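# Notes for the structure review
Residue strings, one per chain:
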Amino acid sequence: MTITVQAFWDAARGTSGDILLTKDKSGLQSQYSGFLGRIVSWFRGIGAEEHRAVRDHFAAALKREYGDQVMDHPQVQTMLGGANSDGKPLAARVVRDVTQFADTERKSRYKQQNLALAALGKSGESIEVSAPYKDLRALKQAAANFNRYVDAAGKSSRLINAMADFVNKPDSEPLKTLAGADGTAYVNFVDAFKSAGGGEDVAKAASSERLQANCAKYAPNDSPTTIRDAAQFASSQVLSELKQHCDQLLSAKPAELASVAKSIIAHTRARQDGMFEAYRMLSKPGILEGLPQSDVALLRGLKMDLETRLLQMRNPDGPYQQLIAFAAMAVQDPSRFRSRLNPLAGGNIPIRLPRAGNGNNKLLVISSSYPDLDSMKVAAGKFSRFIDFAGKKALLVADMTNYINRPDADLLSRLRESEPSLGRFVQAFDDGLSDPRFSQAALNDTVRTNCIKLRIDPMGAAVENALVAATVQIPTRFKMLCDELIAADPQNTGFAQGKSAEILSVAAAQIATIENGIKVLSNPRVYQALPDNRLPAVSSEDRAILAELKGGLEERLEQMKDPEGPFQQFIAFAAMVAQDPAGYLSSLPAATETTEI
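Since the structure is predicted, the reported quantities are computational estimates derived from the model, not experimental observations.

## Here we look at the overall build of the protein
Looking only at helices and strands, the protein has 30 helices and nine strands in total. Excluding contacts between residues fewer than 6 apart, the proportion of contacts in the protein whose partners are at least 24 apart in sequence is 69%. With an accessible surface of roughly 28600 Å², the protein has 50% of that area assigned to carbon and sulfur atoms.

## Let's talk about the pattern of salt bridges
What the rule picks out here adds up to 17 salt bridges. Of the charged contacts in the structure, one is a salt bridge between glutamate 241 and arginine 271, with a shortest N-O distance of 3.0 Å. Of the two residues, glutamate 241 is situated in helix α14 (residues 237-251) and arginine 271 in helix α15 (residues 257-282); the sequence distance between them amounts to 30 residues. Exposure remark for glutamate 241: the relative accessible area of 10% places this residue in the buried category. Put simply, lysine 550 and glutamate 554 hold a salt bridge, and the shortest N to O gap is 3.0 Å.

## A few points about the pairing of strand β2 (residues 28-31)
Bridge count between strand β1 (residues 18-21) and β2: four bridges; the pairing is antiparallel. Across the sheet, the residue bridging to leucine 21 is leucine 28, located in β2. Here β1 folds back onto β2 in antiparallel fashion, the turn holding six residues, of which lysine 25 has a positive phi close to 65°.

## Some words on empty space enclosed by the protein
Inspection of every chain in the model, using the stated rule, returns one cavity of 30 Å³ or more. Size it by volume and the largest cavity reaches roughly 80 Å³. Those elements giving two or more residues to the lining of the largest cavity turn out to be α26 (473-486), α27 (493-521) and α29 (566-579). Its residues assigned to classes, the lining of the largest cavity comprises nine nonpolar, one polar and one charged.

## As for the sheet that holds strand β3 (residues 90-91)
Across the sheet, which stays open at both edges, the three strands sit in the order β2-β1-β3 with antiparallel pairing between neighbours. Edge positions in the sheet fall to β2 and β3, since each has one partner strand and no second. Contacting β1, β2 and β3, helix α1 (residues 5-12) crosses the sheet at an angle of about 25° to β2. Sitting on the sheet, helix α3 (residues 48-66) touches β1 and β3, and the angle it makes with β1 is about 95°.

## Comments concerning unusual backbone geometry
The backbone phi angle of arginine 455 is positive, close to 60°, even though this residue is not glycine. Tracing the chain through its elements places arginine 455 in the loop between α24 (445-453) and α25 (462-469). The class for arginine 455 is exposed, based on a relative accessible area of 78%.

## Some words on helix α17 (residues 319-332)
Residues separated by three or four positions in an α-helix point in the same direction, a consequence of the helix having 3.6 residues per turn. With 14 residues, α17 should reach 20 Å at 1.5 Å per residue; the first-to-last C-alpha distance of 20 Å fits that figure. In terms of burial, α17 is a largely internal element, 14 of the 14 residues being buried.

## Details of the packing of α25 against α27
At a closest axis distance of 8 Å, the pairing of α25 and α27 adopts a crossing angle of 135°. Of the possible angle classes, the one that applies to α25 and α27 is oblique. For the pair α25 and α27, the sense of crossing is left-handed. Residues Ala462, Val463, Asn465, Ala466 and Ala469 of α25 form the contact with α27, whose own contacting residues are Gln510, Thr513, Ile514, Asn516, Gly517, Val520 and Leu521. When its residues are assigned to classes, the contact of α25 with α27 shows seven nonpolar, five polar and no charged.

## Thoughts on the side chain of glutamine 569
Topologically, glutamine 569 is positioned in helix α29. Residue class for glutamine 569 comes out buried when judged on its relative accessible area of 3%.

## Notes on the packing of aromatic side chains
Under the criterion given, the structure shown has five aromatic pairs. Note on phenylalanine 383 and phenylalanine 570: the rings are 5.1 Å apart at their centroids and 40° apart in plane angle, and the pair reads as tilted. Note that phenylalanine 383 is positioned in helix α19 (residues 373-384) and phenylalanine 570 in helix α29, a separation of 187 residues in sequence. Aromatic side chains phenylalanine 383 and phenylalanine 573 sit 5.4 Å apart centroid to centroid with 45° between the ring planes, which places their arrangement in the tilted category. Separated by 190 residues along the polypeptide, phenylalanine 383 in helix α19 and phenylalanine 573 in helix α29 bring together distant segments of the chain. When sorted by exposure, phenylalanine 383 lands in the same class as phenylalanine 573, which is buried. Grouping aromatic residues by their ring pairs yields a cluster made of Phe383, Phe570 and Phe573. One residue, arginine 437, lies across the ring of phenylalanine 438, its end atom 4.9 Å from the ring centre. The residue whose ring lies beneath arginine 543 is tyrosine 527, and the NZ or CZ to ring-centre distance is 4.2 Å.

## Some thoughts on the nonpolar core
Met376, Phe383, Val447, Leu549, Leu553, Phe570 and Phe573 are the most contacted members of the largest nonpolar core, which has 71 residues in total. Excluding residues within four positions of it along the chain, phenylalanine 383 makes contact with Val397, Phe478, Cys482, Pro566, Gln569, Phe570 and Phe573. Formed by 69 residues, the second largest nonpolar core is a distinct cluster that contains Val190, Val202, Tyr320 and Ala325.

What counts and how
- Here the residue index of a chain counts from 1 through its sequence in written order.
- Reporting of local features is limited, given that this is a predicted model, to residues whose pLDDT is at least 70; pairs of side-chain atoms are given and counted only at 80 or more, and all residues count toward the totals for whole chains, interfaces and linings.
- Each side-chain value is worked out from all heavy atoms of the structure, with water and hydrogens disregarded.
- Think of it this way: any DSSP run of H or I at least four residues long counts as a helix, any run of E at least two long counts as a strand, and we number them from the N terminus.
- Should any heavy atoms of two residues lie within 4.5 Å, those residues are considered in contact.
- Note on areas: these come from Shrake-Rupley sampling with a 1.4 Å probe, and a residue is covered only by the protein chains present in the view.
- Any carboxyl oxygen of Asp or Glu that lies within 4 Å of a side-chain nitrogen of Lys or Arg is treated as forming a salt bridge with it.
- Buried means the residue's accessible area, taken with a 1.4 Å probe over protein chains only, is under 20% of the maximum for its type, while exposed means over 50%, and partly exposed covers the values in between.
- When DSSP finds two or more bridges between two strands, those strands count as paired.
- As defined here, a cavity is a set of points on a 1 Å grid over the protein atoms alone where a 1.4 Å probe fits but cannot get out. A pocket is an open set with protein on both sides within 12 Å along at least five of seven lines, and residues line them when an atom is within 4 Å of a point.
- Grid points are joined across faces, edges and corners, and a volume is the space filled by probe spheres set on the points.
- Amino acids outside the nonpolar list (Ala, Val, Leu, Ile, Met, Phe, Trp, Tyr, Cys, Pro) and the charged list (Asp, Glu, Lys, Arg) are all regarded as polar, and Gly is one of them.
- Geometry is summarised by axes, namely lines fitted to C-alpha atoms with helices restricted to the contacting stretch, and by angles between N-to-C directions that run from 0 to 180 degrees.
- To estimate how far a helix should reach, multiply one less than its number of residues by 1.5 Å.
- Here is the rule for angles: anything less than 35 degrees is roughly parallel, anything more than 145 is roughly antiparallel, 65 through 115 is roughly perpendicular, and the remaining ranges are oblique.
- Handedness of a crossing is defined here by the sense of rotation of the near helix relative to the far one, left-handed for an anticlockwise turn of less than a right angle and right-handed for a clockwise turn.
- In summary, the pairing rule links any two rings of Phe, Tyr or Trp, Trp by its six-membered ring, whose centres are within 6.5 Å, and it sorts them by plane angle into stacked for under 30 degrees, edge-to-face for over 60 and tilted for everything else.
- Look at NZ for Lys and CZ for Arg. If either is within 6 Å of the ring centre and within 35 degrees of the ring normal, a charge sits over the ring.
- Put simply, a nonpolar core is a bunch of buried Ala, Val, Leu, Ile, Met, Phe, Trp, Tyr and Cys residues held in one set by side-chain atoms that sit within 4.5 Å of each other.

This is the structure:
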């Protein structure tokens, strides 16, 4: 026997008494509370065992409807009475209070906001996405989670296929196996949508002439077909449509990918809006006025289904929102969005540096975004395409620096056309972090002091140093070191090797500094008023600025670590020069004679 939260809510409505099971144990009823209630219970022989059963049913209903997160919430446990409630009656007031709190808490978790994604790559497009993620970093992580379930061929998602199959063959084990320990939200999504809602009876009630008349009277600004359309969609159709979207996205041709992804984002947004409008209309007073009781019951059930299913669709850990995030990445950078979502396969690469005389070669270990030395050699060759050896300059790198110092749409367009990786890099390093708000927030006394007290950073300057390391100094210094290395005399191996070693050292230090700043900003304790610290907690305004700063640092670090980007390719180029200054530098001009710059 399964008793829903709605059944408890209906039993608790309009009474101050206690909630009991009916005589056949299949439903709920209310009875008087207090002394009169105890007399009734005595006559009926109701004791602690039945009260315990009612509480167990309520706890199970809460878990099914809201999940463990709400059921285990301290405030819910307090309202339920904790350990002292064992064997005691469940008051209708407690049912109402707990249910209202659970509804509010769940809605706050899934609140959506608009996130603007700037175009990346040669053919990328800017887009605004409405999603339940706090920032672009979280949106990209959601897309990466979805990407894990896409098969090697890239034409479908094993997990989405299993979800669609579950409707026809309800066997949760394959689904749970595919989803794994972190796929609970995917399983819950299927559980919410596996049934057909109310079937033909609900569809008929949602299309009745009386309901249409009430819609015109009490919701004149809304379409009278909104409820009917939502009733049809709020069923297993969601799962089949989700599979269709996924297949379309993964099988689209490169030239069509951005258009397909934008269409999916728009369609899923319209679906959510339609379901919400239907829920809102069914909540209006008088909307069910004059309908047969059977229709009233069906439409109240539909209203509850719409809310439950809409919340599943807006769950940031669920498949619906993660597919939207996946599509957003495809719009932003269609040429390489899948590779951006895969974890880097880099590592520490050892390189032998030659020494003068008969001494042993020095071993230099480079932290790289490339998995091996051969991959690094290929990357170094790609960077050499940017170089005009006759003029001793890297022309596109110069264009990149010029754009950062003086943003120009035409120059950015030319960079994208010439080399998409440079276009992505310069967009990440525009002047966004030069706002004085960030430099002021980076000097926050509470954060600096807590870093020292918690032994996170002995000087308390990690955030400030990260901001400095992630400013436009990176591209400017990048260009300067690049020009010096290209101009080096291949026969002067000492200078070339020293300059390349300096480049590797500077690059490693800058990456480490930014990573350390992100690590500090990710630690919740640095924002608190610690017991032995007289400084107040960081204000909500400063925390918001620091969260924005953290996002900017992460975006720049991503570009600096991108194996297809100019920074890692330049590091690879410098590593090859360090390994063999005379041989590598002297061999490059001939290799680039036919290269068009």
